[in-house]
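Now for the letters of each chain:
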Amino acid sequence: MNRRNFLSTSLATSSIPFIVKKKNLSEDKKIRLGFIGVGLRGRTHLQQALYRSDVEIPAICDIDPNSIAEANKIFQKFGKKEPIAYMKGERDFENYVKREDLDGIIISTPWEWHVPMAVAAMKAGKYAGVEVSATVTLQESWDLVDTYEKTGSHCMILENVCYRRDIMSVLNMVRKNMFGEMLYGHCGYQHDLRFVKLNDGKSAYGKGVEFGEKGFSEARWRTQHSVDRNGDLYPTHGLGPVAHWMDINRGNKFDFLTSIATKSRGMHNYIVENGGKDHPNAKVNFKCGDIVTTTIQCANGENIVIIHDTNSPRPYSLGFRAQGTKGIWMNDGNQIYLEGVSKKHDAWEPFADYQKQYDHPLWKRFEQDAVNAGHGGMDFFVLRAFIESVKNKVAPPIDVYDAAAWSAISPLSELSIARGSSPVEIPDFTRGKWKTNKPIFGLNDNY
């Protein structure tokens, strides 16, 4: 499901299929789950949690009364008691996390609130599940790591694309050495989001050109990042899956990056075309280049290229490419070539047959449970991983070090561009533990 369809489905809550699923999960133990932020994204997680009989939701938190009201409609459709609502100002989350009847907390709020809320939850002894990107600044990445290491409370970045079916098939093939020794990964977030960032203040669609207080949903806060910052503002959808292919933080690490940015034209042109050249927002100077390209050098010799492209007219693509000494897979075109395996020398093959053959065991096991989940089923798997980690009191498969390293690419890309695209060192958030850490993602029956 692309973002446009996702927003449509989320807004039209009456059209969501509320189907109570059969009991086929490890439901002998219940957990109490909390939610900070029940806007469009938060409510998709909320709905998935309500499908499960092993989850109780005693209270939710959001400063927007309308979001609370829409969340309560979901509880009603599931025949559940409405939760207690925390909504007394932007710091009420500090009271919320102290509740003794919460084991884990899902955070789906504007980016700048992710770390303050996650840190508060961790200090209160709760598991924190943080939407992407987890951090905005380099210091925030260290804050997450330091809080975990001081408290022992886990933090998981809820990067759902890591669970995309084709991505997990490729991961399966990488681990079976089908691509040989990995050399290169290509990825990005290439998605026309002008309609999200500039909105009429009434819905997720239309030709509105407002943002900030006059905008709707993400336009109220996300657009300001494009005004203030020039860098890769949203790296983790692409980088997370590639990091797993490259064993980042688990036998490998990011060393340094360089970033370049094009001129900024897309947002301004959209405003002029839909609001007129005299609209006040036509005078706004958007700093973020329309296309930002970041190249990462890894400790084991691999390169990763990330593209950020959200302000231009273009079809959606995360632009994945996995390449090793024995072959290559490309997301665009869904094609593959494996030396000595492909039927013709130097000719592409469709990936479909390989995806079926190397389908990840998690997808084989839970395909039917993911049918009603957002983003093509990915949302089921990422929330399930968080819940199972909480239930079993173990580290999540995408941990605080991943959250810190993947998200840090954003401020570091800004720094590189500001310095004339010079190389910038990427900190080792594991403090050396990457040398002995073993891969865990997708190697457990539960996550």
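Reading the values: the criteria
- Residues numbered from 1 in each chain as written.
- Predicted model: local features only at pLDDT ≥ 70, side-chain atom pairs only at ≥ 80, totals over all residues.
- Heavy atoms only, no water.
- 1 Å grid on protein atoms, 1.4 Å probe; cavity = no way out; pocket = protein on both sides within 12 Å on 5 of 7 lines; lining within 4 Å.
- Points joined across faces, edges and corners; volume = space filled by probe spheres on them.
- Helix = DSSP H or I, 4+ residues; strand = E, 2+ residues; numbered from the N terminus.
- Nonpolar A, V, L, I, M, F, W, Y, C, P; charged D, E, K, R; others polar.
- Pairing = 2+ DSSP bridges.
- Contact = heavy atoms within 4.5 Å.
- Axes fitted to C-alpha atoms, helices over the stretch in contact; angles between N-to-C directions.
- Buried < 20%, exposed > 50% of the residue type's maximum accessible area, 1.4 Å probe, protein only.
- pLDDT = per-residue confidence, 0-100.
- Expected span 1.5 Å × (residues − 1).
- Polar contact = N/O pair within 3.5 Å; in protein donor to acceptor, adjacent residues only side chain to side chain.
- Core = buried A, V, L, I, M, F, W, Y, C linked by side-chain atoms within 4.5 Å.
- Arc of directions from axis to C-beta.
- Parallel < 35°, antiparallel > 145°, perpendicular 65-115°, else oblique.
- Left-handed = near helix turned anticlockwise from the far one by under 90°.
- Phe/Tyr/Trp six-rings, centres within 6.5 Å; stacked < 30°, edge-to-face > 60°.
- Salt bridge = Lys/Arg side-chain N within 4 Å of Asp/Glu carboxyl O.

1. Observations concerning empty space enclosed by the protein
Rolled over the atoms, a probe with the dimensions of a water molecule shows which regions are left empty. For the structure shown, the criterion picks out six cavities of 30 Å³ or more. One number sums up the size of the second largest cavity: a volume of about 80 Å³. Taken together, the elements giving at least two residues each to the lining of the second largest cavity come down to α10 (236–245) and α15 (400–418). Here the residues of the lining of the second largest cavity are counted per class, giving seven nonpolar, one polar and four charged.

2. A word on the sheet that holds strand β11 (residues 303–309)
Strand order across the open sheet formed by nine strands is β15-β14-β13-β12-β8-β11-β10-β9-β16, with mixed pairing between neighbours. Strands at the two margins of the open sheet, each flanked by one partner only, are β15 (349–350) and β16 (424–425). As defined by bridge partners, strand β14 (residues 335–338) adjoins β15 across two bridges and the pair is classed as antiparallel. Across the sheet, Gln 335 pairs through a bridge with Pro 350, a residue of β15. Helix-sheet contacts for helix α7 (residues 165–175) involve β8 (182–190), β12 (321–324), β13 (327–330) and β14, and the interaxial angle to β13 is about 170°. Set on the sheet, α10 makes contact with β8, β9 (254–261), β10 (292–298), β11, β12 and β13; between it and β8 the angle comes to about 165°.

3. A short note on the pairing of β11
Extensive coverage of β11 is indicated by the burial of six of its seven residues. In the sheet, β8 pairs with β11 via seven bridges, with the strands oriented parallel. Residue pairing for β11: Tyr 189 is matched across the bridge by His 308. Judged from the six bridges that link them, β10 and β11 form a sheet pairing that is antiparallel. Across the sheet, Thr 295 pairs through a bridge with Val 305, a residue of β11.

4. Regarding the side chain of Ser 389
Among the structural elements, Ser 389 can be located in helix α14 (residues 378–392). With relative accessibility at 0%, the residue Ser 389 sits in the buried group.

5. Concerning the confidence of the model for the chain
Confidence along the chain averages 93 in pLDDT terms, with 93% of residues attaining 70 or more. Element-level mean pLDDT values for the chain span from 34 in helix α1 (residues 3–11) up to 99 in β10. Throughout residues 1–26 the model reports pLDDT below 50, and contacts reaching past four residues in sequence, or to other chains, amount to 60 contacts.

6. Details of helix α3 (residues 65–77)
The periodicity of an α-helix, 3.6 residues per turn, causes residues three or four positions apart to be oriented the same way. Helix length check: α3, at 13 residues, gives a terminal C-alpha distance of 19 Å against a target of 18 Å (1.5 Å per residue), a fit within 8%. Those residues of α3 lying buried are Ser 67, Ile 68, Glu 70, Ala 71, Asn 72, Ile 74 and Phe 75. Here the buried face of α3 lies against α2 (40–50), β3 (59–61) and β4 (84–86). Between the side-chain oxygen at the start of α3 and the backbone nitrogen of Asn 66 there is a gap of 3.2 Å, and the oxygen is on Asp 64. Once α3 ends, the next one or two residues include Gly 79, with phi positive near 70°.

7. Here we look at the nonpolar core
Judged by nonpolar contacts, the single largest core of 128 residues is most densely connected at Leu 144, Tyr 163, Trp 245, Phe 254, Ile 296, Ile 304 and Trp 329. Ignoring any residue separated from it by four or fewer positions in sequence, one finds Ile 304 in contact with Gly 185, Cys 187, Leu 239, Val 242, Met 246, Phe 254, Thr 294, Thr 295, Ile 296 and Cys 298.

8. Quick look at helix α6 (residues 138–151)
Taking 1.5 Å per residue as the helical rise, α6 with its 14 residues ought to reach 20 Å, and the 20 Å between its terminal C-alpha atoms agrees with that figure. Residues of α6 that are buried include every one of Glu 140, Ser 141, Leu 144, Val 145, Thr 147 and Tyr 148, and no others. Looking down the long axis of α6, one finds its buried residues gathered within 160° of arc, a one-sided arrangement. Looking at the buried residues of α6, the elements they touch are α5 (114–123), β7 (155–157) and α15. Positive phi shows up at Gly 152, right after α6, with a value of about 80°.

9. Remarks on the packing of α7 against α10
The interhelical angle for the contact between α7 and α10, taken along N-to-C directions, is 20°, at an axis separation of 9 Å. Taken together, the axes of α7 and α10 are roughly parallel relative to one another. Like other packed secondary-structure pairs, α7 and α10 cross with a definite hand, here right-handed. Only Pro 241, His 244 and Trp 245 of α10 make contact with α7, whose side of the interface consists of Ile 167, Val 170, Leu 171 and Val 174. Among the residues forming the contact of α7 with α10, the class breakdown is six nonpolar, one polar and no charged.

10. Quick notes on the environment of Ser 169
Relative to the elements of secondary structure, Ser 169 occurs in helix α7. Between the C-alpha atoms of Ser 169 and His 360, which are 191 residues apart in sequence, the distance is 5.4 Å. Sequence-distant contacts of Ser 169, that is, excluding residues within four places in its chain, are made with Phe 351, Gln 355, Tyr 358, Asp 359 and His 360.

11. Thoughts on the packing of aromatic side chains
Aromatic ring pairs are defined here through the distance separating the ring centres and the angle between the ring planes. In this structure the tally under the stated criterion is 18 aromatic pairs. Judged by centre distance (4.7 Å) and plane angle (65°), the rings of Tyr 189 and Tyr 234 are edge-to-face. One end of the pair, Tyr 189, is in strand β8; the other, Tyr 234, is in the loop between α9 (222–228) and α10, and 45 residues separate them in sequence. Just as Tyr 189 is buried, Tyr 234 falls in that class too. Considering the side-chain rings of Trp 245 and Trp 329, the 6.1 Å spacing of their centres and the 85° angle between planes classify their relative orientation as edge-to-face. Pair noted here: Trp 245 is in helix α10 and Trp 329 is in strand β13, with a separation of 84 residues, a long-range link.

12. Looking at the pattern of salt bridges
Charged atoms that come close allow side chains of opposite charge to pair. Within the structure shown, the criterion is met by 23 salt bridges. A salt bridge links Arg 194 to Asp 192, with the nearest nitrogen and oxygen atoms 2.9 Å apart. The burial state of Arg 194 is the same as that of Asp 192; both residues are buried. Between Lys 253 and Asp 255 there is a salt bridge; the shortest N-O distance is 2.6 Å.

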